[in-house]
Amino acid sequence: MLAKVLAIGGGALYATGMLVEAVADGQKSAFRRVPENKEKFITHGLWAWSRHPNYAGEIILWWGAFLTAASALPLPASVAASACPFFIHFLLTRVSGVPLLEASAKKRWGDDAEYKAYKKRTPCLWPTLASVLGGVRPST
């Protein structure tokens, strides 16, 4: 029974993470294709809820993959396999991904009042209720 719950829950998490990452990447790609946005930062869609929703989706995806695998593994192997999503989370939030992009954004828009306001109201990675409720606005 537990294996089935882990498999279904893991599959749902994986699909959710894949969807979040794909939507965030698609929104950013569409934003970047507009010539007027060349020097701007995206603040709509999932990007109104998180400054890095694509990385949040990636982390969710890896937890889903782990749970799905854990449903078929013996406990010691599952414990060992849990290193994978922890490692991805560590890499994206402490080594590459978020730190590099935050530094780049600070260099590029750090003095911009709109960017400062966006950074203040928008969580770095994990959306909050306030960012979700306050971040619903039409696309620009």
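As shown above, the structure is provided for reference.
In what follows, the accompanying structure is described. Keep in mind the model is a prediction, meaning the values are calculated, not measured.

Turning our attention to the overall build of the protein chain. A count of helices and strands for the protein chain gives 7 helices and 0 strands. Starting at the N terminus and walking to the C terminus, you meet the elements of the protein chain as α-α-α-α-α-α-α. By residue count, 34% of the 140 residues in the protein chain fall in the buried class. Sequence-distant contacts in the protein chain: of pairs separated by 6 or more residues, those separated by 24 or more amount to 71%. Of the charged side chains in the protein chain, 16 are positive and 9 negative, and the gap between their average positions amounts to 4 Å.

For the rest of this paragraph, the subject is the packing of helix 1 (residues 2-33) against helix 2 (residues 53-70). Direction vectors running N to C along helix 1 and helix 2 enclose 160 degrees, while the axes themselves pass 7 Å from each other. On the basis of the axis angle, helix 1 is roughly antiparallel to helix 2. In this structure, helix 1 meets helix 2 at a crossing whose hand is left-handed. Mapping the contact onto sequence places Leu 6, Ala 7, Gly 10, Gly 11, Leu 13, Tyr 14, Gly 17, Met 18, Val 20, Glu 21, Ala 24 and Asp 25 in helix 1 and Pro 53, Asn 54, Gly 57, Glu 58, Ile 60, Leu 61, Gly 64, Ala 65, Leu 67, Thr 68 and Ala 70 in helix 2.

Core analysis: the largest hydrophobic core is formed by 10 residues, namely Ala 24, Phe 31, Phe 41, Ile 42, Leu 46, Trp 47, Ala 105, Trp 109, Tyr 115 and Tyr 118. Mapped by element, the contributors of at least two residues to this core are helix 1, helix 5 (98-109) and helix 6 (113-121). In this structure, Trp 47 is in contact with Ala 24, Gln 27, Lys 28, Ile 42, His 52, Pro 53, Asn 54, Tyr 118 and Thr 122, ignoring residues within four places of it in sequence. By size, the runner-up hydrophobic cluster in this structure holds 7 residues, among which are Ala 56, Ile 88, Leu 92 and Val 98.

A side chain of one charge can pair with a side chain of the opposite charge when the charged atoms of the two come close. Enumeration according to the criterion identifies 4 salt bridges in this entry. Salt-bridge contacts for Lys 38 lead to Glu 39; the nearest nitrogen and oxygen are separated by 4.0 Å. Neither residue differs from the other here; Lys 38 and Glu 39 are each classed as exposed. We note a salt bridge from Glu 102 to Arg 51, for which the minimum N-O separation is 3.0 Å. Here Arg 51 lies in the loop between helix 1 and helix 2 and Glu 102 lies in helix 5, a separation of 51 residues in the sequence. Comparing Glu 102 with Arg 51, the two get one shared label, buried. Members of the salt-bridge network, linked through shared partners, are Lys 38, Glu 39 and Arg 108.

All right, on to the environment of Ala 56 then. Inspection of the secondary structure assignment puts Ala 56 in helix 2. Along the backbone, Ala 56 and Leu 101 are 45 residues apart, and their C-alpha atoms lie at a distance of 14 Å. In this structure Ala 56 touches Leu 125 and Trp 126, once residues within four positions along its chain are discounted.

The next subject is the environment of Val 79. Structurally, Val 79 can be placed in helix 3 (residues 75-81). Val 79 gets classed as exposed once you look at its relative accessible area, which sits at 52%. Sequence separation between Val 79 and Leu 67 is 12 residues, and the spatial gap between their C-alpha atoms is 11 Å.

One can describe the packing of helix 2 onto helix 4 (residues 83-95) by two numbers: an axis separation of 8 Å at closest approach and a directional angle of 170 degrees. With respect to each other, helix 2 and helix 4 are oriented roughly antiparallel. The segment helix 2 lies against helix 4, with Tyr 55, Glu 58, Ile 59, Trp 62, Trp 63 and Phe 66 engaging Cys 84, Pro 85, Phe 86, Ile 88, His 89, Leu 92 and Thr 93. Of the residues that constitute the contact of helix 2 with helix 4, the class distribution is 10 nonpolar, 2 polar and 1 charged.

Cut-off values and rules
Residues numbered from 1 in each chain as written. Predicted model: local features only at pLDDT ≥ 70, side-chain atom pairs only at ≥ 80, totals over all residues. Heavy atoms only, no water. Helix = DSSP H or I, 4+ residues; strand = E, 2+ residues; numbered from the N terminus. Buried < 20%, exposed > 50% of the residue type's maximum accessible area, 1.4 Å probe, protein only. Contact = heavy atoms within 4.5 Å. Lys, Arg positive; Asp, Glu negative; His and termini not counted. Charge placed at Lys NZ, Arg CZ, Asp CG, Glu CD. Axes fitted to C-alpha atoms, helices over the stretch in contact; angles between N-to-C directions. Parallel < 35°, antiparallel > 145°, perpendicular 65-115°, else oblique. Left-handed = near helix turned anticlockwise from the far one by under 90°. Core = buried A, V, L, I, M, F, W, Y, C linked by side-chain atoms within 4.5 Å. Salt bridge = Lys/Arg side-chain N within 4 Å of Asp/Glu carboxyl O. Nonpolar A, V, L, I, M, F, W, Y, C, P; charged D, E, K, R; others polar.

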